[in-house]
Amino acid sequence: MEGPLQTSIRMCHENAQWMSQLPEKLWDIPLYNLALPGSHDTMTYCLDKSSAVSGNESKLVKLLNKCMPCIVHPIIMKWSTTQVLTVTEQLEAGVRYLDFRIAHKADDPSMNLYFVHMVYTTVTVQDVLWEVLKWLETHPQEVVILACRNFDGLTRRLHCHLTACIKEIFQCKLCPRNVVPTLRTMWQRGHQVIVSYEEGVEVEKHCELWPIIPYWWGNKTTTRALIHYLERMKRMGRPEKFFVAGINLTENLRYILLHPFGSLKKMTLRGLPCLKIWIKQQYPGPKKECINIIAGDFIGNNDFVKDVIELNTKINPPLHCQSKGAGTNSISFSSS
């Protein structure tokens, strides 16, 4: 018998090519003025149960994990896992913003890079980038934003290695930052990947890298407080280009102690009904209180992706946008 998550995974394939199905009137609107679904801490579905705690965590957490691993490690896993779908399943579900927290393991002599959220993943960054490329090759009209962040333990040499891997794997699918990223432009040029990189020195060296994408992180344990934070950020005004409104709740030590049998998943699922209402009330676009990317946890558990995509039906572009490229409905795709 299928559970709700299996049903959700089965049904979500209808969003696998949602960008290609958008009406032509939206093809000339920059992606930072569309509504895009994203996943927060994308790679935590494959955290390594035997991994050491990351070098970025506090000395207290490391000490407790070392002294009482049988008690502390399971707690860390319960509160570190934010996704259950693989990266390919997330892309199939319609997610178009991937939140990559990248790290190098302490005392590891190799150049291998992993993802991290308190503990490291079982898969390497390079393997996942190839997986994303494989998916893109079978979905030539879909565009993915890769937000490379955190960089725990990365030296200048490792940054050079990572940027070289990104360029080698995606090649001309990478959209340079001097391009206005509309769907029509990206389709015509064969671009499918926008990489934001949280390291200014590397961004300056490579035109294929975009600067850091701001992430509105509420750091709240309750849905009410999180929505209040997001509304306050909207009143202050959205950034000019890409940005993320994070609908992910965040635990703290007090919350964990008050919920000894809880987990981040239980915390998230409890808040989804209220967050669903908030999402449906949003508008994409360039105006002060408009949204762009909305990122959440456990994206396979409800209609989150579909609700974000449907926000694009609220957009009514000006006539000059609709007339751009009129009469050129046929788009040629790059074979690379």
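All values reported here derive from a predicted model rather than from experimental measurement.

Draft legend 1. Looking closely at unusual backbone geometry. A positive phi is found at Asn150, a non-glycine position, where the angle reads about 75°. Within the chain, Phe298 stands out as a residue other than glycine whose phi angle is a positive 50°. Relative to the helices and strands, Phe298 resides in the loop between strand E10 (293-296) and helix H12 (304-310). By relative accessible area, Phe298 is classed as buried at 2%.

Draft legend 2. Summary view of empty space enclosed by the protein. Scanning all chains against the criterion turns up two cavities of 30 Å³ or more. In this structure, the largest cavity spans a volume of roughly 50 Å³. The wall of the largest cavity is formed by Ile247, Asn248, Leu249, Thr268, Leu272, Leu275, Gly296 and Asp297. If you tally residues by element for the lining of the largest cavity, the top one is helix H11 (residues 264-280), at three residues. Looking at side-chain class alone, the lining of the largest cavity contains four nonpolar, three polar and one charged residues. Approximately 40 Å³ is the volume attributed to the second largest cavity. Surrounding the second largest cavity, Asp41, Thr42, Met43, Thr44, Leu47, Asp99, Arg101, Phe115, Val116, His117 and Thr121 form its lining.

Draft legend 3. How the structure looks around the nonpolar core. If you look at the biggest cluster of nonpolar residues, it comprises 90 residues, and the most contacted ones within it are Leu31, Ile102, Phe170 and Phe242. It is helix H5 (residues 125-137) that provides the largest number of residues to this core, a total of seven residues. Once you skip the residues sitting within four places of it in the chain, Phe242 turns out to touch Leu31, Tyr32, Leu36, Ile145, Pro181, Ile194, Trp210, Ile213, Pro214, Asn292 and Ile293. Among the nonpolar cores identified, the runner-up in size contains seven residues, and Val72, Ile76, Met77 and Met118 belong to it.

The rules we used
Residues numbered from 1 in each chain as written. Predicted model: local features only at pLDDT ≥ 70, side-chain atom pairs only at ≥ 80, totals over all residues. Heavy atoms only, no water. Helix = DSSP H or I, 4+ residues; strand = E, 2+ residues; numbered from the N terminus. Buried < 20%, exposed > 50% of the residue type's maximum accessible area, 1.4 Å probe, protein only. 1 Å grid on protein atoms, 1.4 Å probe; cavity = no way out; pocket = protein on both sides within 12 Å on 5 of 7 lines; lining within 4 Å. Points joined across faces, edges and corners; volume = space filled by probe spheres on them. Nonpolar A, V, L, I, M, F, W, Y, C, P; charged D, E, K, R; others polar. Core = buried A, V, L, I, M, F, W, Y, C linked by side-chain atoms within 4.5 Å. Contact = heavy atoms within 4.5 Å.

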